[in-house]
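# Structural description and commentary
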Amino acid sequence: MLQHLIENFGFPTLPYKSQLRCFSMIYYANADHDKIANLNFGGKILLPSSTLDYLMRSNIEYPMMFKLLNTNDEIQRATHCGVLEFSAEEGKVYLPSWMMEQLLVNDGDLISVEYVQLPKATYAKLQPQSVDFLDITDPRAVLETELAKFCCFTINDLITFRYNDTDYSVKVVKLEPANAVSVIECDLNVDFAPPVGYQEEESEKKSTEMPEGPELPSFKEINAKIFQGEGIRLDGKTKKKVTKTDDKEFIMKALPEIVVNEDYKPGTLTFTRYNYKNRTILENQIKEHNEKIISGGFNSTGFTTRNKKKN
């Protein structure tokens, strides 16, 4: 049954092409929980044993990949897949649920099954179909594990996988170098588009730069705060008073202004971090001042209270 036609995705039709009736996995006589899970959440199908007999007598390449096409000319839906087993009844093929939805077929409908060779993928862009995908702790690692169950991708496929008892759907939005590619033993770069319904939060749009810190008190103000009190002269005269910085005023200058968040939402805590450039300047001033005191010592002149002896 050799045919040499170039069809939808530009790949030549190779030795095997047949029309089979498709069914969901629940109709498979030997279905069990593990087999249903392997079939429904993957990119492989069940074919009859006669298909294997035919392919073994043909010059084919491995792994085997097939193009599935809805035979309804008005729909023209296609996808690509691998094969899990050759254990289906004659004339039947069992598909994952997501693949039947992709082809827009119901149980018992005829589809075309054709053996094809696909180029190796170099790039794929995937788009999760729900923001729930962001709840996965390490989505890239999970996808690497789940996508290992697939042999090939077709652009616009809406594939489904299960993780932690939750079903997730991912759409294939871009592929290179073709609209259908093999993902077996290839160097594949994967990008992710934002999930459907995702909106960037305003907090992520704001600048990440820290605001300038509130103005700290100057070195003179600190001296005024530390060296307080009144001095007494030996001659009994009153020392001229020097105006000191009021305690309350000093504290108000030292502390940052209190800002009330009127848009607070329960469950969210926001911590403002300031860029205290003034603190460094203040510390340098204190350090320089202390060094001057240590290096200068006491250079004042002393006096004696005793009278000098007369010669």
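Scroll up to find the structure this text is about.
Quick look at the structure, then. (Residues numbered from 1 in each chain as written. Predicted model: local features only at pLDDT ≥ 70, side-chain atom pairs only at ≥ 80, totals over all residues. Heavy atoms only, no water.)

Turning our attention to a nonpolar patch on the surface. Taken together, the side chains of Val-131, Leu-134 and Tyr-198 present a nonpolar region at the surface, about 240 Å² in accessible area. Residue position: Leu-134 is located in the loop between strand S7 (123–128) and helix H4 (139–147). (Patch = residues over 30% accessible without salt bridge, like charges linked within 9 Å, V, L, I, M, F, W, Y side chains within 5 Å. Areas by Shrake-Rupley, 256 points an atom, 1.4 Å probe, with all protein chains shown as cover. Salt bridge = Lys/Arg side-chain N within 4 Å of Asp/Glu carboxyl O. Helix = DSSP H or I, 4+ residues; strand = E, 2+ residues; numbered from the N terminus.)

Right, let's talk about H4 for a bit. Of all the positions in H4, only Val-142, Leu-143, Glu-146 and Leu-147 are classed as buried. Projection of H4 onto a plane perpendicular to its axis shows the buried side chains occupying an angular sector of 120 degrees, all on one side. Away from its buried face, by an angle of more than 90 degrees, H4 presents the exposed residues Glu-144 and Thr-145. Where the residues of H4 are buried, they touch S7, strand S8 (152–154), strand S9 (158–163), strand S10 (166–176) and strand S12 (189–192). (Buried < 20%, exposed > 50% of the residue type's maximum accessible area, 1.4 Å probe, protein only. Arc of directions from axis to C-beta. Contact = heavy atoms within 4.5 Å.)

Further remarks concern the side chain of Gln-102. Note that Gln-102 resides in helix H3 (residues 97–103). Given the relative accessible area of 9%, Gln-102 is considered buried. Setting aside residues up to four positions removed in sequence, Gln-102 forms contacts with Arg-77, Thr-79, Asn-156, Asp-157 and Leu-158.

In this section: the layout of surface pockets. To find leftover empty space, a probe the size of one water molecule is rolled over the atoms. The space that makes up the second largest pocket amounts to roughly 250 Å³. Forming the walls of the second largest pocket are 13 residues, and the residues nearest its centre are Leu-143, Glu-144, Leu-147, Leu-188 and Val-190. Breaking the lining of the second largest pocket down by element, the ones donating at least two residues are H4 and S12. Take the lining of the second largest pocket: its biggest share by element is four residues, from H4. When its residues are assigned to classes, the lining of the second largest pocket shows 11 nonpolar, no polar and two charged. (1 Å grid on protein atoms, 1.4 Å probe; cavity = no way out; pocket = protein on both sides within 12 Å on 5 of 7 lines; lining within 4 Å. Points joined across faces, edges and corners; volume = space filled by probe spheres on them. Nonpolar A, V, L, I, M, F, W, Y, C, P; charged D, E, K, R; others polar.)

Counting residues in hydrophobic clusters, the biggest one holds 41 residues, and the most contacted among them are Phe-66, Leu-68, Leu-95 and Phe-153. Lining this core are residues from two domains, each supplying at least three of them: domain 1 (17–115) and domain 2 (123–192). Excluding anything up to four places from it in sequence, Phe-66 contacts Tyr-16, Leu-47, Leu-55, Thr-79, His-80, Cys-81, Val-83, Val-113, Glu-114, Tyr-115 and Val-116. Formed by seven residues, the second largest nonpolar core is a distinct cluster that contains Phe-23, Leu-39, Leu-46 and Tyr-94. (Core = buried A, V, L, I, M, F, W, Y, C linked by side-chain atoms within 4.5 Å. Domains from an automatic or database assignment.)

What follows covers the environment of Arg-140. Here Arg-140 is to be found in helix H4. Here the alpha-carbon distance between Arg-140 and Phe-192, two residues 52 residues apart in the chain, equals 9.2 Å.

Take the packing of aromatic side chains next. For the coordinates displayed, the defined rule picks out 11 aromatic pairs. With a centroid separation of 6.3 Å and 35 degrees between ring planes, the pair formed by Phe-133 and Phe-192 is classed as tilted. Of the two residues, Phe-133 is situated in the loop between S7 and H4 and Phe-192 in strand S12; the sequence distance between them amounts to 59 residues. On the basis of relative accessibility, which here comes to 5%, the residue Phe-133 falls in the buried class. Seen in terms of ring centroids, Phe-161 and Tyr-168 are 5.6 Å apart; in terms of plane orientation they differ by 25 degrees. Their pairing is stacked. Note on Phe-161: relative accessible area 2%, which makes it buried. The class of Tyr-168 is buried, set by a relative accessible area of 11%. Among the aromatic residues, ring-to-ring pairing joins Tyr-16, Tyr-54, Phe-66 and Tyr-115 into one connected group. (Phe/Tyr/Trp six-rings, centres within 6.5 Å; stacked < 30°, edge-to-face > 60°.)

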